[in-house]
Amino acid sequence: MGFIVNKPHEMVLDELISRVDVSSPALAARTQPLDLTAKDRQLRVGGPVDENRGFILHSGDYEAESTIVINSDVSLTSTISALEDVAEYRGPRDSVISLGYSSWGANQLEDELSKNFWLTLDGPKDLIFDQQLETKYDSALAMIGITSKAAFVAEPGHA
């Protein structure tokens, strides 16, 4: 399972909350937009699978019963209560809320990696949570030494 973190969704957090069954009376009765910056309210297209399902990729300072800890800096939670916590400022310091996810079959990703179909890096958490969606891809490339898209070739190879 994986998530696209740089593709904006057409929906914002306010709209998502208005579509789900929130238990918070304050959120349910809300008539004004959430007091968040436009970029913090922006949802992401997480991937083409189950695009109606929401996921919160977030900093490690927040943990709920269903949270999956990925590493000390990044965790994943997928509950309405976590969504409410984000909207009511009780949630994680940093978060990316996505609808949908990406998925691979058994051994598919490993096979694609062995054929150099993917570029990988152990990037900092700031890359995930950076709100500058338009520069995130170029920043990731720069972290592995690619400063020009002209450096790409059509066929993968092995060194």
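In case you missed it, the structure is sitting above this.
Please read all numbers here as calculations on a predicted model, not as lab measurements. (Residues numbered from 1 in each chain as written. Predicted model: local features only at pLDDT ≥ 70, side-chain atom pairs only at ≥ 80, totals over all residues. Heavy atoms only, no water.)

Participant: Summarise the side chain of Lys-136; cite the residues concerned and give the values.
Facilitator: Positionally, Lys-136 belongs in helix α7 (residues 133–143). For the buried Lys-136, no salt bridge is present, and the opposite-charge side chain at shortest range is Asp-130, 5.6 Å distant. A polar side-chain atom of Lys-136 sits 3.0 Å from the main-chain carbonyl oxygen of Leu-127. Setting aside residues up to four positions removed in sequence, Lys-136 forms contacts with Val-5, Asn-6, Leu-127, Ile-128, Phe-129 and Asp-130. (Helix = DSSP H or I, 4+ residues; strand = E, 2+ residues; numbered from the N terminus. Buried < 20%, exposed > 50% of the residue type's maximum accessible area, 1.4 Å probe, protein only. Lys, Arg positive; Asp, Glu negative; His and termini not counted. Salt bridge = Lys/Arg side-chain N within 4 Å of Asp/Glu carboxyl O. Polar contact = N/O pair within 3.5 Å; in protein donor to acceptor, adjacent residues only side chain to side chain. Contact = heavy atoms within 4.5 Å.)

Participant: Explain the nonpolar core to me, and be specific about the residues and the numbers.
Facilitator: If you look at soluble globular proteins, the nonpolar side chains tend to sit buried side by side. Core analysis: the biggest nonpolar cluster contains 13 residues, and Leu-13, Leu-16, Leu-43, Ile-56, Leu-83 and Ile-97 have the highest contact counts within it. Contributing elements (two or more residues each) for this core: α1 (13–19), α4 (80–87) and β6 (95–101). By residue number, the principal contributor to this core is α4, which donates four residues. When neighbours within four sequence positions are excluded, Leu-16 is seen to be in contact with Met-11, Leu-43, Leu-83, Ile-97 and Leu-99. Counting eight residues, the second-largest nonpolar core is a separate cluster that includes Phe-55, Leu-76, Tyr-101 and Phe-129. (Core = buried A, V, L, I, M, F, W, Y, C linked by side-chain atoms within 4.5 Å.)

Participant: Can you lay out the sheet that holds strand β5 (residues 74–77) for me, pointing to particular residues and giving the numbers?
Facilitator: Reading across the sheet, the six strands line up as β1-β2-β6-β3-β5-β4 and stay open at both edges, with mixed pairing between neighbours. A single partner strand is all that each edge strand has here, and the edge strands are β1 (8–12) and β4 (68–69). Across two bridges, β1 lies against strand β2 (residues 42–45) in antiparallel orientation. The residue of β2 that forms the bridge with Pro-8 is Arg-44. (Pairing = 2+ DSSP bridges.)

Participant: Explain the pairing of β2 to me, and be specific about the residues and the numbers.
Facilitator: Residue alternation in β2 divides its side chains into two sets, Gln-42 and Arg-44 and Leu-43 and Val-45, and both sets are buried. Relative to β6, β2 is paired through two bridges, and the arrangement is parallel. Paired with Val-45 across the bridge in β6 is Leu-99.

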